[in-house]
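Examination of the molecular architecture
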Amino acid sequence: MSSNINIQRICEHCGKPFRAKTTVTRFCGTICNGRHAKQKIRDLKIKVSDKEVKENITSVINHPVLMEFLTIKQAAQLLGLCTKTLYNILQSGKIKAVRLSTRKTIIKRTEIDKVFEQSEFEAPIREKPKKNPHPRYCYTMAQAQDQFNCSEKALYDLIKRNNLSKFQDGWYTYVLKSDLHSIFNQNR
Ligand SMILES: [Zn+2]
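Residues numbered from 1 in each chain as written. Predicted model: local features only at pLDDT ≥ 70, side-chain atom pairs only at ≥ 80, totals over all residues. Heavy atoms only, no water.

The name an unreviewed UniProt entry assigns to the protein chain is Excisionase family DNA binding protein, from the organism Pedobacter cryoconitis.

Examining the coordination of the zinc ion
Stated precisely, the cut-off is as follows: Each metal's donors are the N, O and S atoms within 2.8 Å of it, or within 3.2 Å when it is Na, K or Ca, and because water is not part of the set, sites may look incomplete. Donor angles set the geometry label: tetrahedral for four donors if every angle is between 85 and 135 degrees, square planar for four and octahedral for six if opposite donors exceed 155 degrees and the others are between 65 and 115, irregular for anything else. Whether a residue is buried, partly exposed or exposed follows from its accessible area with a 1.4 Å probe, protein chains only, as a fraction of its type maximum: under 20%, in between, or over 50%, in that order.
Of the protein atoms, only C11 (SG), C14 (SG), C28 (SG) and C32 (SG) coordinate the zinc ion, at distances of 2.2 to 2.4 Å. Considering all four donor atoms around the zinc ion, angles at the metal cover 102 to 120° and the coordination shape is tetrahedral. Summarised as a motif, the one-chain spacing of the donors to the zinc ion is C-x2-C-x13-C-x3-C. Judged by its relative accessible area of 35%, C14 is partly exposed.

Structural notes on the domain arrangement of the protein chain
The figure often quoted for interface size is the accessible area lost as the parts come together. Rule in force here: Each domain span listed reflects an automatic or database assignment of domains.
Taken domain by domain, the protein chain consists of domain 1 (10-59), domain 2 (64-117) and domain 3 (135-186). The straight-line distance from the C-alpha centre of domain 2 to that of domain 3 is 54 Å.

Describing the nonpolar core
We apply this condition: Nine residue types can take part in a nonpolar core, namely buried Ala, Val, Leu, Ile, Met, Phe, Trp, Tyr and Cys, and a core is a set of them joined through side-chain atoms within 4.5 Å. Each helix corresponds to a stretch of at least 4 residues labelled H or I by DSSP, and each strand to a stretch of at least 2 residues labelled E; elements are numbered beginning at the N terminus. Two residues form a contact once any of their heavy atoms are found within 4.5 Å.
Counting residues in each nonpolar core, the largest one holds 12 residues, listed as Y139, M141, A144, F148, C150, L155, L158, I159, L164, V175, L180 and I183. Secondary-structure elements contributing two or more residues to this core are α5 (141-148), α6 (152-161) and α7 (177-186). Residues within four places of L180 in sequence aside, it is in contact with Y139, A144, F148, L155, L158, L164 and V175. Grouped together as the second largest cluster of nonpolar side chains are 10 residues, A75, I95, I107 and I112 included.

Here's the deal with the side chain of T173
Definition in use: A 3.5 Å cut-off defines polar contacts: any pair of N or O atoms within that distance qualifies, except that in protein one atom must be a possible hydrogen donor and the other a possible acceptor, and neighbouring residues in sequence count only when both atoms are side-chain atoms.
Residue placement: T173 occurs in strand β8 (residues 172-176). Relative accessible area serves as the criterion here: at 14%, T173 is assigned to the buried category. A polar contact is formed between the side chain of T173 and the side chain of Q168, at a distance of 3.1 Å. Residues within four places of T173 in sequence aside, it is in contact with Y139, T140, M141, Y156, K166, F167 and Q168.

Some points on a nonpolar patch on the surface
Rule in force here: For patch building, the residue pool is restricted to those with more than 30% relative accessible area and no salt bridge; the joining distance is 9 Å between like charges and 5 Å between nonpolar side chains (Val, Leu, Ile, Met, Phe, Trp, Tyr). Areas reported as accessible are Shrake-Rupley estimates using a 1.4 Å probe. Residue values count occlusion only from the protein chains shown. By convention in these notes, a salt bridge is any Lys or Arg side-chain nitrogen within 4 Å of a carboxyl oxygen on Asp or Glu.
Where nonpolar side chains cluster on the molecular surface, the patch consists of V53, I57 and I61 and spans about 280 Å² of accessible area. Among the secondary structure elements, I57 is positioned in helix α1 (residues 30-61). When its relative accessible area of 47% is taken as the criterion, I57 is described as partly exposed.

Section: the sheet that holds strand β5 (residues 104-108)
Rule in force here: Here a strand pair is declared whenever DSSP counts at least two bridges between the two strands. Throughout, an axis means a line fitted to C-alpha atoms (over the contacting stretch in the case of helices), and angles, computed between N-to-C directions, take values from 0 to 180 degrees.
What the three strands build is an open sheet, ordered β3-β5-β4; its pairing is antiparallel. The two strands at the open ends of the sheet, each matched to only one other strand, are β3 (69-71) and β4 (98-101). Here the strands of the sheet are splayed against their neighbours by 35° on average, with no regard to which way each runs. Bridge count between β4 and β5: three bridges; the pairing is antiparallel. From the neighbouring strand, S101 faces β5, where its bridge partner is K104. Across the sheet, helix α2 (residues 72-79) touches β3 and β5, and the angle it forms with β3 is around 95°.

Below you can see the structure in the form of structure tokens.
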């Protein structure tokens, strides 16, 4: 590069001829130089947004919602499930799927919709865990045997026969004192 030269060039921005001072000068002056730089940034921005738009369109077109046939992965994505859970559902027969080969299973989109049309929702019944009464109101099995002077078997038979509530806490089984007392008082 030399600053002693003086050559005729065409400005890359405005297209006008100018005298270049170096072999690498591309613009007629600082104005064109600046404008060209700005133009370049603008072009780049447009290019980036074009790419983003294209990517968005592609992702929308390929979205499982719009597809007629889904892979396991796509169907799982659509339902918000992990593939393992989906396989369990397929196994149960709730959703029909076709296994085309050992590694390729497909689900028809409409099969998924069908499930929603057919099923009536039933909330799972959750049994309330039995809350243990305070130990002060209870006998352990050993205590009850002592108290009523009966064998373990007799005690269990009595509990079973009278359908008494038993409570479990760690190693111990408890019965309500009041339950036992009322039964033993009756039988007296
Ligand atoms: Zn120029």
